[in-house]
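Coordinate inspection notes
Single-letter residue listing:
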Amino acid sequence: MPFSKSEVLQGTLDLLVLKTLDSMGPMHGFGIALRIQQVSEDLLQLNQGTLYPALQRLEQRGWIASKWGVSENNRKAKYYSLTRAGRRQLVEEAESWDRMAAMINRVLRTT
Amino acid sequence: MRELLRTFVQRLAALFRRQQLEDDLDEELHSHLEMAVELNVRKGMSASDARHEALRSFGGVEQTKEMCRDQRGLPMIETAWQDLRFGFRILRRSPGFSLLVILCLTLGIGANAAVFSWIEGVLFRPYPAVVHQEQLFALTGTALGEADLTSWPDLLDLQTSCTLVDSFIVTKIMRTALSIGDRAEVTTGSIVSANYFDAIGVHPILGRGFETSEDSGRNAHPVTVISYQLWEERFKGDPQIVGKMQRLNGVMHTIVGVAPEGFYGTFVGWAMQFWVPASMEENFEAGGYKLEDRGARWIEAYVRLKPGVTLSQAQQEISAVAKRLENEYPATNRGRGITLWPLWQTPFNNARTLLPTLEIMLAVVVFVLLIACANVGNLLLVRSFARRHEMTIRLAIGAGRGRLLKQLFTEGLILSAFGAAGGLLVAQWCRHALVLLFPARGGVTMHLPGEIDWRVLALSAAVCLFTTLLLGLVPAMQTGKIDLAGALKSDSAGVVGGGGRAWVRSGLVVVQVSLSFVLLVGAGLLLQSLQKIRNSSPGFSTHGVLFTVVDLRSGGYDAPGAQSFQEELLERVKAKPGVESAVFARMTPLSYGSFSETPIAVDGYQPPPEERPTVQYNEVGPDYCATMGIPLVSGREFTRADDERAALVAVVNETMAAQYWRGKSPIGERVLVKGRWMQVVGVAKDSKYQSVREAPKPFFYVPRRQNFSIDGGLYVRTPLSPDTIATALRREVHALDPDLALYEVIPLQEQLDRSTSPQNVAVILVGVLGGLALLLTVIGLYGVMSYTVSQSRRELGLRMALGAGASKLLRLVLSRGLALTAGGVLLGGAAALGLTRLLGNLLYNVSPRDPLAFGSALVVMTVAALAACFLPAWRATRTDPARDLRD
């Protein structure tokens, strides 16, 4: 096994969060979790809790920023948004993901 | 990379706003769950199902929080902080234990730090005000492999030929009486080359240093730079001092500068008070004008190498030049080389005399540290037994062993950090202690400060860490052995009669005993050498002869004036009741100065081709041998008749007679001295000339009147006390010349003692530290024995109940203590047999395996061990079987 499960998950989760914030604009944690579940059509069964360490990590790296705000149901919630560095990071990671996927595809086809 | 740094900074910042972040996280997760519940309710679930479902899809709330916390701060720092606080709490809870441990460590680390600071201040960075000392090296001539001084022309040649050397720095220590106002005092100063201040990077705070032209011209530049201390104390910090005149050795000098505070010159051991340029050499040195004499070796030199040049590169270049000089000037330079030395090996100052002592001290303080550590280790062991319960519980509730170890090491670190801080305080107090061990000499300032700089601090920190590891190790070993299953089993008591689990503690005590035994043997050997040195006859009387100097040179006397003054003074002194005889001689035996030296030729003696016989001699007055108590073997000594008009004569010593006349009597034979033939009229017994430890060497005497020099000491044979003579002498001197200064009047024994002060210092230092080691060991032994007794109360009670009497119990405990001691002594004895050789030339006429030293160390150790064991043993006899068996 070349990667441990958590490693794959962590990298993937980061990318998904960045992509979600990119396409949806500022969102709170619960929203992000719902959105990821919807988009992946429930294929990705993640514990919603694992999202929070990921959000914290991304914020520490300066790729997302957070701000307290009020939700559509008038509930206090923390909203996350993509920073400029985060956008750059998303482009980079998406590209490397594409390259990786293309390579794996090639390998799978040729055999 | 930037992200990593950013992450780190964020994590670090998180440490300081932990509460706020914690609240934030709570609120965020709470709001997440509420939203999830709301959504589920809207989907049609019941309130409780909705909450249940929300929690399920979230996963563990507490786990999430914990993951966030781990990632948010710096867990390592946080646990370290926890350990630290916990450690402090634990140590505060048993203050007696903590203080005892810290005290032991303070002594151990303090001894180390003090010796480090001395080594730094005396050997490695001796001149704090001098820039780039790492490029500074001492330079000496060599003759037959021995370090010798150098001559001015040789140095000039080196200066023009060497490309790797930035500057050659000439220094020569000298003494003069300095009269300012109505006070006269002996002062040390230096003759230096004009480049001195520039080359060492010291800039006078007032006026200037010397100018290049001031190197040349015989007595042409009477200028001087004075020390800050002299300026402050004797000139009251006069801001207008530059340009004022001061008489130095009889010549008026213009003060051209004041050296900065904290600059004491470049001679380990003495603080220089003034500096004069090389052109003034003749005024301060005996033996005439030497700047044009290649054979006159008088200079103590330093070189500053160019940046990047190594010692061996520079040495190669200098050796090549020395070789060339040998060929060009065979008369003065044949067989002579020139050598560079690292500052710590400088042959011409106290670095050399203290080097062997400090080397030994380094080993000794490591011993003391180990002994202190063993003591602390023992204390920790006792405590780790007491803390077994705590450790077991912490293991049981899930602490990892690694975490426990970290905690134990943290406690060790706290203790040793306190020890190190205390140790540095000790070192700070001891900074000036070294100089106190040297006997005072007539008002001259000795200066041997320790230096506490970053290197000493770093070494002390290393010692502290090393100690921590040792300290942590002991309880760690113990923790490793804790098994949870045995948690509730009570400790089985230790057994006096048997080893059992206490072997670690006993082992530590054995090590302590052996280490202090080695130190005791070392101290014994050094003490014996010192006694041998003190008791060995220097070949002249040390009692009943007093010595002083009347400083005619600084009084402005010329040779004829000095001669008639000395004759007159001698007459007056001899006329005093109680004075048996009195005489002037140029050089004092066993003093720092150097004897005159000459190549000789002897009728009928054909030296081997490589040998150029060179012999030292002293210029002495009539009745010198009688006054000094040097026996004559044959012939006569000088009388008043051996004056300028009489035939030239000499008295040789036995070794010289044996070496150059081979068994025939030299009396009536001739010897060529500095181009003049002299007739040998007497043979004197050998005595010691420059050092008590020197081997017998050829030496001779010439009459003072036939070889006059102004300098000279006055020797008086009398049963009177120095004080009585001093008063009488001062009166007579002042009667002859009210302006003259009289140096201190001392017995020759005092002169002898001063010359053996390095041995003295070694004995005192090793003695003090050996005593300290012994004390620590006794405490250790006492601790182990009393612990063993207290743990064995039940067994002792049982023995007593079965009929063992008090004396039997006493013997039992004492014999156990003595068994430990015996083990240590055996181990230490074996180690000492190998180690005492390292004392090397600090030993004098004592074998490193001297039985007396080993025997007395054994006696001291045994007595100390008995003393340490007696109290616990006595307590054992007070066992109350009824109570102890019931408990």
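Residues numbered from 1 in each chain as written. Chains lettered and ligands numbered in written order. Predicted model: local features only at pLDDT ≥ 70, side-chain atom pairs only at ≥ 80, totals over all residues. Heavy atoms only, no water.

**Focus on the overall build of chain B**
Helix and strand content of chain B: 28 helices and 24 strands. In terms of C-alpha radius of gyration, chain B reaches 37 Å, well past the compact-globule figure of 29 Å for 887 residues. Taken along its principal axes, the extent of the C-alpha atoms in chain B is 135 × 80 × 55 Å. Split into buried and exposed, the 887 residues of chain B put 53% on the buried side. (Helix = DSSP H or I, 4+ residues; strand = E, 2+ residues; numbered from the N terminus. Rg over C-alpha atoms; globule rule 2.2 N^0.38 Å. Buried < 20%, exposed > 50% of the residue type's maximum accessible area, 1.4 Å probe, protein only.)

**Quick look at unusual backbone geometry**
For residues other than glycine, phi is negative in most cases, and the peptide bonds are mostly trans. Residues and elements named next belong to chain B. Within the chain, His132 stands out as a residue other than glycine whose phi angle is a positive 45°. Mapped onto the elements, His132 comes out in the loop between helix 6 (95-124) and strand 1 (136-143). With a phi close to 55°, Asn219 is a non-glycine residue in the positive phi region. Checked against the element boundaries, Asn219 lands in the loop between strand 5 (206-207) and strand 6 (223-226).

**Focus: a positive patch on the surface**
Together, A:Arg84, A:Arg88, B:Arg2 and B:Arg6 make up a positively charged patch on the protein surface. For the positive patch, the elements supplying multiple residues, two or more each, are helix 4 (84-110) of chain A together with helix 1 (2-16) of chain B. As for its placement among the helices and strands, A:Arg88 is situated in helix 4. (Patch = residues over 30% accessible without salt bridge, like charges linked within 9 Å, V, L, I, M, F, W, Y side chains within 5 Å. Areas by Shrake-Rupley, 256 points an atom, 1.4 Å probe, with all protein chains shown as cover. Salt bridge = Lys/Arg side-chain N within 4 Å of Asp/Glu carboxyl O. Lys, Arg positive; Asp, Glu negative; His and termini not counted. Charge placed at Lys NZ, Arg CZ, Asp CG, Glu CD.)

**Some remarks on the sheet that holds strand 1 (residues 27-28) of chain A**
Sheet architecture is open: 3 strands sit in the order 1-3-2 (chain A), paired in antiparallel fashion. In this open sheet, the two strands that pair with only one neighbour each are strand 1 and strand 2 (64-70) of chain A. Of the strands in this sheet, strand 2 and strand 3 (76-82) of chain A are in contact with helix 3 (residues 51-60) of chain A, which crosses strand 2 of chain A at around 120°. Packing against the sheet, helix 2 (residues 18-42) of chain B makes contact with strand 1, strand 2 and strand 3 of chain A, and its axis sits at approximately 100° to strand 3 of chain A. (Pairing = 2+ DSSP bridges. Contact = heavy atoms within 4.5 Å. Axes fitted to C-alpha atoms, helices over the stretch in contact; angles between N-to-C directions.)

**Section: the packing of helix 13 (residues 350-386) of chain B against helix 18 (residues 503-535) of chain B**
All names here are of chain B. Put simply, helix 13 and helix 18 touch, their axes get as near as 9 Å, and they point 160° apart. As summarised for this structure, helix 13 and helix 18 are arranged roughly antiparallel, according to the angle between their axes. You can see that helix 13 and helix 18 cross each other, and the crossing is left-handed. Contact residues: helix 13 offers Val364, Phe367, Val368, Leu370, Ile371, Ala374, Asn375, Gly377, Asn378, Leu381, Val382 and Phe385, while helix 18 offers Val504, Arg505, Leu508, Val509, Gln512, Leu515, Ser516, Val518 and Leu519. The residue inventory of the contact of helix 13 with helix 18, partitioned by class, reads 15 nonpolar, 5 polar and 1 charged. (Parallel < 35°, antiparallel > 145°, perpendicular 65-115°, else oblique. Left-handed = near helix turned anticlockwise from the far one by under 90°. Nonpolar A, V, L, I, M, F, W, Y, C, P; charged D, E, K, R; others polar.)

**Focus on the interface of chain A and chain B**
The interface of chain A with chain B comprises 25 residues on the first partner and 26 residues on the second. For the chain A and chain B pair, buried surface summed over both sides reaches about 2400 Å², with 52% attributable to carbon and sulfur atoms. Summed over the shared surface of chain A and chain B, the number is 3 salt bridges. For A:Lys78, the salt bridge identified is with B:Asp24, shortest N-O distance 4.0 Å. At the boundary of chain A and chain B, one finds 10 residue pairs in polar contact (both at pLDDT 80 or more). Counting residues per element, the ones that place at least two in the side of chain A that touches chain B are helix 2 (29-39), helix 3 and strand 3 of chain A. (Buried area = accessible area lost by both parts, 1.4 Å probe. Polar contact = N/O pair within 3.5 Å; in protein donor to acceptor, adjacent residues only side chain to side chain.)

**Points about the pattern of salt bridges**
Using the criterion set out here, one finds 39 salt bridges over all chains in the structure. For the salt bridge of A:Lys19 with A:Asp22, the shortest nitrogen-to-oxygen distance reads 3.9 Å. On the criterion of helical spacing, the pair formed by A:Lys19 and A:Asp22 is a turn pair, its members being 3 residues apart in helix 1 (residues 5-24). Accessibility expressed as a relative area gives 45% for A:Lys19, which makes it partly exposed. Judged by relative accessible area, A:Asp22 falls into the partly exposed class, the value being 31%. The salt bridge partner of B:Asp642 is B:Arg636, with a shortest N-O separation of 2.9 Å. Via salt bridges that share partners, B:Glu567, B:Glu571, B:Arg640, B:Glu644 and B:Arg705 belong to a single interconnected network.

**Observations concerning the side chain of B:Gln751**
Residue and element names in this part refer to chain B. Along the chain, the position of Gln751 falls in helix 23 (residues 748-755). You can call Gln751 buried: its relative accessible area is 8%. Once residues within four sequence positions are removed from consideration, Gln751 is found in contact with Phe547, Thr588, Pro589, Leu590, Ser591 and Ile746.

**With respect to the packing of helix 18 of chain B against helix 27 (residues 851-877) of chain B**
All names here are of chain B. Here helix 18 crosses helix 27 at 130°, and the two axes come no closer than 8 Å. With respect to each other, helix 18 and helix 27 are oriented oblique. Where helix 18 crosses over helix 27, the handedness of that crossing is right-handed. Mapping the contact onto sequence places Val513, Ser516, Phe517, Leu520, Val521, Gly524, Leu525 and Gln528 in helix 18 and Leu852, Ala853, Phe854, Ala857, Leu858, Val860 and Met861 in helix 27. Among the residues making up the contact of helix 18 with helix 27, the classes are represented as 12 nonpolar, 3 polar and no charged.

**Describing the nonpolar core**
All names here are of chain B. Judged by nonpolar contacts, the single largest core of 113 residues is most densely connected at Phe210, Phe263 and Trp275. Ignoring anything within four residues of it in the chain, the contact list for Phe210 reads Val192, Ser193, Ala194, Phe197, Val223, Thr224, Val225, Val256, Trp275, Val276 and Pro277. Core analysis: the second largest hydrophobic core is formed by 41 residues, Leu139, Val165, Phe168 and Leu248 among them. (Core = buried A, V, L, I, M, F, W, Y, C linked by side-chain atoms within 4.5 Å.)

**Points about the pairing of strand 23 (residues 713-717) of chain B**
Residue and element names in this part refer to chain B. For strand 23, the buried fraction is high: 5 of the 5 residues fall into the buried class. The two faces of strand 23 match: Gly713, Tyr715 and Arg717 on one face and Leu714 and Val716 on the other face are all buried. When strand 14 (residues 545-549) meets strand 23, the two strands line up antiparallel, connected through 5 bridges. Counted as the bridge partner of Leu546 is Val716 from strand 23.

**Section: the state of the cysteines**
Residues and elements named next belong to chain B. Counting across every chain of the model gives 0 disulfides over all chains. A disulfide-free cysteine, Cys104 has its sulfur positioned 9.5 Å from the sulfur of Cys373, the nearest such atom. Judged by relative accessible area, Cys104 falls into the buried class, the value being 5%. (Disulfide = S-S within 2.5 Å.)

**Examining the confidence of the model for chain A**
Mean pLDDT over chain A works out to 82, with 86% of the residues at or above the 70 mark. Considering only residues more than four positions removed or in separate chains, one finds that residues 1-8 of chain A, a stretch of pLDDT under 50, has 1 contact. (pLDDT = per-residue confidence, 0-100.)

**Let's talk about the side chain of A:Thr83**
Mapped onto the elements of the fold, A:Thr83 is located in the loop between strand 3 and helix 4. Not counting residues within four places of it along the chain, the set of residues in contact with A:Thr83 comprises A:Gly62, A:Trp63, A:Ile64 and A:Ala65.

**Here we look at empty space enclosed by the protein**
All names here are of chain B. Applying the stated criterion across every chain yields a total of 8 cavities of 30 Å³ or more. For the second largest cavity, the calculated volume is near 130 Å³. Along its surface, the second largest cavity is lined by 18 residues, and Pro126, Tyr127, Phe267, Val268 and His447 are the ones closest to its centre. Going through the elements one at a time, helix 6 and strand 9 (269-270) are the ones with two or more residues in the lining of the second largest cavity. Split into classes, the residues belonging to the lining of the second largest cavity amount to 12 nonpolar, 6 polar and no charged. (1 Å grid on protein atoms, 1.4 Å probe; cavity = no way out; pocket = protein on both sides within 12 Å on 5 of 7 lines; lining within 4 Å. Points joined across faces, edges and corners; volume = space filled by probe spheres on them.)

**Quick notes on the pairing of strand 2 of chain A**
All names here are of chain A. Inspection of the sheet shows strand 2 paired to strand 3 by 7 bridges, in the antiparallel sense. Following the sheet pairing, Lys67 is matched in strand 3 by Tyr79. The hairpin formed by strand 2 and strand 3 contains 5 residues between the paired strands, and Asn74 there has a positive phi angle of roughly 65°.

**A few points about the environment of B:Thr598**
All names here are of chain B. Locating Thr598 in the fold gives a position in strand 16 (residues 596-602). For the pair Thr598 and Val615, spaced 17 residues apart in sequence, the C-alpha separation works out to 5.6 Å. Discounting residues that sit within four places of it in the chain, Thr598 has contacts with Pro613, Thr614, Val615, Tyr617, Val673, Lys674 and Phe700. Within polar-contact distance, the side chain of Thr598 engages the backbone nitrogen of Lys674 at 3.2 Å.

**Some remarks on the packing of aromatic side chains**
Residue and element names in this part refer to chain B. Counted by the stated rule, this structure contains 24 aromatic pairs over all chains. Ring plane angle 45° and centroid distance 6.0 Å describe the contact between Phe124 and Trp344, whose orientation is recorded as tilted. Taken together, the residues Phe124 in helix 6 and Trp344 in the loop between strand 12 (336-342) and helix 13 connect sequence positions 220 residues apart. Residue class for Phe124 comes out partly exposed when judged on its relative accessible area of 34%. Judged by its relative accessible area of 28%, Trp344 falls in the partly exposed class. Ring plane angle 15° and centroid distance 3.8 Å describe the contact between Tyr689 and Phe699, whose orientation is recorded as stacked. (Phe/Tyr/Trp six-rings, centres within 6.5 Å; stacked < 30°, edge-to-face > 60°.)

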